Amino acid sequence: MSALRNTVLLSVFLLLLVSASAFVEELDDSFMETRGADDIWLIKFYAPWCTFCKQLDPVWHQIGSELKSLGSPVNVGKSDATVSTGLAKEFRVRGYPAIIMLKKDVKYNYSGPRTREGIMDFANRVGGPLVRSLSSLQLFQHAMNHHDVMFVYVGATSQLKGKYISAAEELIVHTYFFSTSRDVLPKAVSLPSLPAVMVFKDGTYFTFNEELDGDLKSWINRERFPNYLKIDGYTLYAMGESGKLVVLALVEEKGLSEESLRFKSLVEKVAADYREIYSRNFLFGFMEGSGYINGLVMGEVTVPSFIVVNLSNDGYFLPPGAMETERHLLDFLNGVLDGSIQCQGGNGVGQRLKRFVYDAKLTLLPVFHRAPLLGCFLVGFPLTIAAVFCYLCCRARPAASDDDDNDGVALLAPSLQRRKKLTDKKSD
Ligand SMILES: *[C@@H]1O[C@H](CO)[C@@H](O)[C@H](O)[C@H]1NC(C)=O
């Protein structure tokens, strides 16, 4: 009796184990040969020691089971990059966890927040058709309701469509691409000519103009953000590709003060009312919490406050005075554009040195705090090695030169001797 029960329990357990592992497959170096050519894969590369990877495990399993139950064509896998090094190399894995989607032979890196929602959206977007066709007004309106920013190709097959598809191939990691015909679009949408590429966002639409806007891909990269949005570290980083400056209202992480609410609506209002003037140069938004910006400016920014960030060079602009009214904000933005407000930070040599020291301090301070001895060791040990090394080098040099030429230069300082030897070499 109990033997039977044990067998039943064991088989249930095995069944659970099999079904659980079926959601996420462990992939090794043979993967590229054994996969189906048209299979779509979402793969997490991990390392056994990586804590971020472990934190992602339950999310990954959930994503695997959810995609399976939705009947998605996306397969979910994971691979230990320290074991399957060939596969990791093939996917150019540099950090852990790396989340990469493979579709046909194209690999797409995921760089957004490591949340279920973020990764699921990525999987559905990249796993689906490159360009989604909208065949009716209902479908068009449904899509409009679900996307803040929507790129739409209108017209028949053309050279422009070829460019649109190739842009989609690259930029599908960031945004959705649709296509439709003129008669599907609402009558109120005016189109000067066909074919056309349009972007619907911020309650309005813009049409791509090759003469004014240049390359289609860069235009899409510039236009793929709404004019005003909530910005986190990942988004801010991604906004760098737009080449625009980002105007931020920095507000508290939780429980916004009255002043924060005022700052937020001031930015939102200026973004909407002065779109014509500023949308070429600026993106607008608000950011909750100052951690990310503190890292950028390498200091403590006050909250709430305004800041304009140039992500192309890690530079930033701070308002010259109090910011009470819309006029103040406009003056601030104009000052940034006409150069009368100085850019701070940046990625010059001095700034990079400062960043190095800042990062080192940030890493070492908690160590000193918790384990002063270990901290001293961490700093002292490399310094000692370096000092000993320098000392040995300096001592070794005169001895070596004595071997080469015994002409009494031992009296000269080592550095002078070195220079002399170098000039000797050159004249040879
Ligand atoms: C932002 O940085 C880029 C790259 O260094 C630079 O060309 C551009 O002029 C900067 N923009 C402003 C407004 O300072």
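Everything that follows concerns the structure shown earlier in this document.
A. A look at empty space enclosed by the protein. A full pass over the atoms with the stated rule returns two cavities of 30 Å³ or more. When its volume is computed, the second largest cavity comes out at roughly 30 Å³. If you go around the second largest cavity, the residues you meet are Phe-23, Gly-64, Leu-67, Lys-68, Val-74, Asn-75 and Val-76. Those elements that provide at least two residues to the lining of the second largest cavity are helix H3 (51–69) and strand S3 (74–80). Per-class residue counts for the lining of the second largest cavity are four nonpolar, two polar and one charged.

B. Representation of the sheet that holds strand S1 (residues 25–26) within the structure. What the five strands build is an open sheet, ordered S1-S3-S2-S4-S5; its pairing is mixed. Each of the sheet's edge strands pairs with one partner strand only, and the pair in question is S1 and strand S5 (106–109). Helix-sheet contacts for helix H5 (residues 116–127) involve strand S2 (40–46), S3, strand S4 (98–103) and S5, and the interaxial angle to S4 is about 20°.

C. How the structure looks around the site of the ligand. Taken together, Leu-245, Asn-310, Ser-312, Asn-313 and Phe-317 make up all the residues around the ligand. The contact in question runs from an oxygen atom of the ligand to an N or O atom on the side chain of Asn-310, over 2.4 Å. Considered on its own, the ligand offers 360 Å² of accessible surface; in the complex 45% of this is hidden by protein. Of the residues that constitute the shell around the ligand, the class distribution is two nonpolar, three polar and no charged.

D. Spotlight on a nonpolar patch on the surface. A contiguous nonpolar surface patch, about 650 Å² in accessible area, is contributed by Leu-374, Phe-377, Leu-378, Val-379, Phe-381, Leu-383 and Ile-385. Following the sequence through the fold, Leu-374 ends up in helix H16 (residues 372–404).

E. Inspection of the pairing of S5 at higher detail. Both S4 and S5 contribute to a ladder of four bridges, which runs antiparallel. Note that in S5 the partner of Lys-103 across the bridge is Val-106.

F. Quick peek at the packing of helix H7 (residues 159–171) against helix H9 (residues 216–223). Put simply, H7 and H9 touch, their axes get as near as 9 Å, and they point 50° apart. It follows from the interaxial angle that H7 and H9 lie oblique. Once H7 is placed against H9, the crossing between them reads as right-handed. Between H7 and H9, the contacting residues are Leu-160, Lys-163, Tyr-164, Ser-166, Ala-167, Glu-170 and Leu-171 on the first element and Leu-216, Lys-217, Ile-220 and Asn-221 on the second. Here the residues of the contact of H7 with H9 are counted per class, giving six nonpolar, two polar and three charged.

Calculation criteria
Residues numbered from 1 in each chain as written. Predicted model: local features only at pLDDT ≥ 70, side-chain atom pairs only at ≥ 80, totals over all residues. Heavy atoms only, no water. 1 Å grid on protein atoms, 1.4 Å probe; cavity = no way out; pocket = protein on both sides within 12 Å on 5 of 7 lines; lining within 4 Å. Points joined across faces, edges and corners; volume = space filled by probe spheres on them. Helix = DSSP H or I, 4+ residues; strand = E, 2+ residues; numbered from the N terminus. Nonpolar A, V, L, I, M, F, W, Y, C, P; charged D, E, K, R; others polar. Pairing = 2+ DSSP bridges. Contact = heavy atoms within 4.5 Å. Axes fitted to C-alpha atoms, helices over the stretch in contact; angles between N-to-C directions. Near = heavy atom within 4 Å. Polar contact = N/O pair within 3.5 Å; in protein donor to acceptor, adjacent residues only side chain to side chain. Areas by Shrake-Rupley, 256 points an atom, 1.4 Å probe, with all protein chains shown as cover. Patch = residues over 30% accessible without salt bridge, like charges linked within 9 Å, V, L, I, M, F, W, Y side chains within 5 Å. Salt bridge = Lys/Arg side-chain N within 4 Å of Asp/Glu carboxyl O. Parallel < 35°, antiparallel > 145°, perpendicular 65-115°, else oblique. Left-handed = near helix turned anticlockwise from the far one by under 90°.

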